[in-house]
Amino acid sequence: MSESINIDRSSSKSEKYEQLIPQILALVKGESNRVAILATVSAVLHEAFDFFWTGFYLVEGSELIVGPFQGLVACLRIQKGKGVCGSAWENEQSIIVPDVYKYPGHIACSALSQSEIVIPLISDSGKVLGVLDIDSTELDAFDDVDRNNLEKLCIHRGKIL
Ligand code: SME
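Positions within a chain are numbered from 1, following the residues in the order the chain's sequence is written. Local features in this predicted model are restricted to residues whose pLDDT is 70 or higher, and side-chain atom pairs enter the listing and the counts only when it is 80 or higher, whereas totals over whole chains, interfaces and linings include all residues. Only hydrogens and water are set aside when side-chain values are computed; all heavy atoms of the structure are taken into account.

**Student:** So what exactly am I meant to see when it comes to unusual backbone geometry here?
**Tutor:** Comment: phi is negative for the bulk of residues other than glycine, and the bulk of peptide bonds are trans. A positive phi angle, near 50°, is found at aspartate 50, a position not held by glycine. Residue placement: aspartate 50 occurs in the loop between α2 (34-49) and β1 (53-60). One non-glycine residue, aspartate 140, lies in the positive phi region at around 55°. Numbering of helices and strands runs from the N terminus; a helix is a DSSP stretch of H or I covering at least four residues, while a strand is a stretch of E covering at least two. Relative to the elements of secondary structure, aspartate 140 occurs in the loop between β6 (128-136) and α4 (144-154).

**Student:** Is there a simple way to explain the side chain of threonine 54 in this structure?
**Tutor:** You can see threonine 54 is positioned in strand β1. Pairs of N or O atoms are called polar contacts if they sit within 3.5 Å, as long as, within protein, a hydrogen donor faces a hydrogen acceptor (for residues adjacent in sequence, only side-chain-to-side-chain pairs). Within polar-contact distance, the side chain of threonine 54 engages the side chain of histidine 46 at 2.7 Å. Contacts between residues were defined by any pair of non-hydrogen atoms, one from each residue, lying within 4.5 Å. Filtering out sequence-adjacent residues up to four positions away, threonine 54 remains in contact with Ser42, Leu45, His46, Phe69, Gln70, Asp133 and Ile134.

**Student:** When you look at the packing of aromatic side chains in this model, what are you seeing that I'm missing?
**Tutor:** Centre-to-centre distance and the angle between the planes together describe a pair of aromatic rings. Two aromatic rings, drawn from Phe, Tyr or Trp (for Trp, its six-membered ring), form a pair once their centres lie within 6.5 Å of each other, and the interplanar angle then sorts them: stacked below 30 degrees, edge-to-face above 60, tilted otherwise. Inspection of every chain in the model, using the stated rule, returns 5 aromatic pairs. With a centroid separation of 5.1 Å and an interplanar angle of 25°, the aromatic rings of phenylalanine 49 and phenylalanine 51 are classed as stacked. In this pair, the class of phenylalanine 49 matches that of phenylalanine 51, namely buried. Arranged with centres 5.8 Å apart and planes meeting at 25°, the rings of tryptophan 53 and tyrosine 57 form a pair that is stacked. Take tryptophan 53: its relative accessible area is 5%, and that puts it in the buried class. Linked through ring pairs, Tyr17, Phe49, Phe51 and Phe142 together constitute an aromatic cluster. Exposure classes here rest on a 1.4 Å probe applied to the protein chains alone. A residue is buried below 20% of its type maximum, exposed above 50%, and partly exposed in between.

**Student:** How should the sheet that holds β1 be read in this particular structure?
**Tutor:** Note on sheets: strands pair through backbone hydrogen bonds, and any given pair is parallel or antiparallel. One bridge is not enough; two strands pair if DSSP finds at least two bridges between them. The strand order across the open sheet built from 6 strands is β3-β2-β1-β6-β5-β4, with neighbouring strands paired in antiparallel fashion. For this open sheet the edge positions go to β3 (77-79) and β4 (95-97), each flanked by a neighbour on one side alone. Taking the axes of each pair of neighbouring strands and ignoring which way they run, one obtains an average angle of 25° across the sheet. Here 6 bridges tie β1 to strand β2 (residues 63-70), and the two strands are oriented antiparallel to one another. Across the sheet, the residue bridging to tyrosine 57 is valine 66, located in β2. Along the sheet, α4 contacts β4, β5 (115-122) and β6; its crossing angle with β5, the most-contacted strand, is approximately 25°. A fitted line through C-alpha atoms represents every axis, and for helices the fit uses only the stretch in contact; the resulting angles, taken between N-to-C directions, go from 0 to 180 degrees.

**Student:** Help me out: how do you make sense of the environment of glutamate 60 in this one?
**Tutor:** Relative to the assigned elements, glutamate 60 resides in strand β1. In the structure, glutamate 60 is positioned 69 residues away from leucine 129 in sequence and 8.5 Å away in space, judged by C-alpha atoms.

**Student:** Just checking my understanding: could you explain the nonpolar core for this structure?
**Tutor:** Side chains of a nonpolar character, in soluble globular proteins, are inclined to be buried together. Leu45, Leu132, Ile134 and Leu150 are the most contacted members of the largest nonpolar core, which has 27 residues in total. The element best represented in this core is α2, accounting for 7 residues. Aside from chain neighbours lying at most four places away, what touches leucine 132 is Leu45, Gly55, Phe56, Ile117, Val118, Ile119, Leu121, Leu150 and Cys154. Counting 17 residues, the second largest nonpolar core, distinct from the first, contains Phe52, Trp89, Val100 and Val128. Buried Ala, Val, Leu, Ile, Met, Phe, Trp, Tyr and Cys residues form a nonpolar core when they are joined through side-chain atoms within 4.5 Å.

**Student:** For this particular structure, what's the right way to read the site of the ligand?
**Tutor:** Throughout, near means a residue has at least one heavy atom within 4 Å of the molecule or strand. Surrounding the ligand, one finds 13 residues, the nearest of these being Val84, Cys85, Ile107, Glu116 and Asp135. Between histidine 106 and the ligand, the recorded distance is 3.3 Å, taken from a side-chain N or O atom to a nitrogen atom. Within the backbone of isoleucine 107, one N or O atom sits 2.7 Å away from a nitrogen atom of the ligand. Residue-level accessible areas treat just the shown protein chains as cover; the underlying method is Shrake-Rupley with a 1.4 Å probe. Bound to the protein, the ligand loses 99% of the 300 Å² it would expose on its own. The element contributing the most residues to the shell around the ligand is helix α3 (residues 83-91), with 3 residues. Here the shell around the ligand is composed, by residue class, of 8 nonpolar, 2 polar and 3 charged. As a working rule, the residues Ala, Val, Leu, Ile, Met, Phe, Trp, Tyr, Cys and Pro are called nonpolar, Asp, Glu, Lys and Arg charged, and the rest polar, with Gly in that last group.

If you want it as structure tokens, here you go:
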């Protein structure tokens with residue numbers, strides 16, 4: 001079976017998320033395997049928005065370990081509190097970085113990445129299970145439209161995590 005997403009490429013970013021989120025939820029409906037779910041979410045977002053890197057890091061002990069992603073090879077492990085991902089985990093908050101070269105402690109997995117958004121994956125019980133990390137080759141690519149919509153996917157979604 002091959003699935004493809006249905007999206008009007010001429011629509012605004014906000015409209016694209018409105019079109020995509022129900023499709024993502026439909027694709028993973030009834031699925032309980034976390035790798036299957038996270039791989040699907042990263043594939044859909046990456047295809048729809050042509051991001052540079054779209055993927056997950058998952059908490060294991062005091063580290064984040066790279067999980068399902070789309071894009072170039074990236075760092076495998078990030079310590080709690082380190083980089084944008086480790087900070088989003090430690091502070092349990094989404095972080096938008098308009099210019100990665102101005103973010104102290106940013107971990108550069110690729111020199112092509114210019115801006116970034118990281119959203120913590122928070123379970124129904126409030127535990128951080130990992131983060132969604134998206135990178136763009138454009139400066140200032142992410143805003144509150146991304147934050148609000150990606151938080152809908154990542155925070156307190158129960159099964160999607
Ligand atoms: N830039 C991230 C590291 C992960 S890569 O961007 C895929 C950070 O500073 O945590």
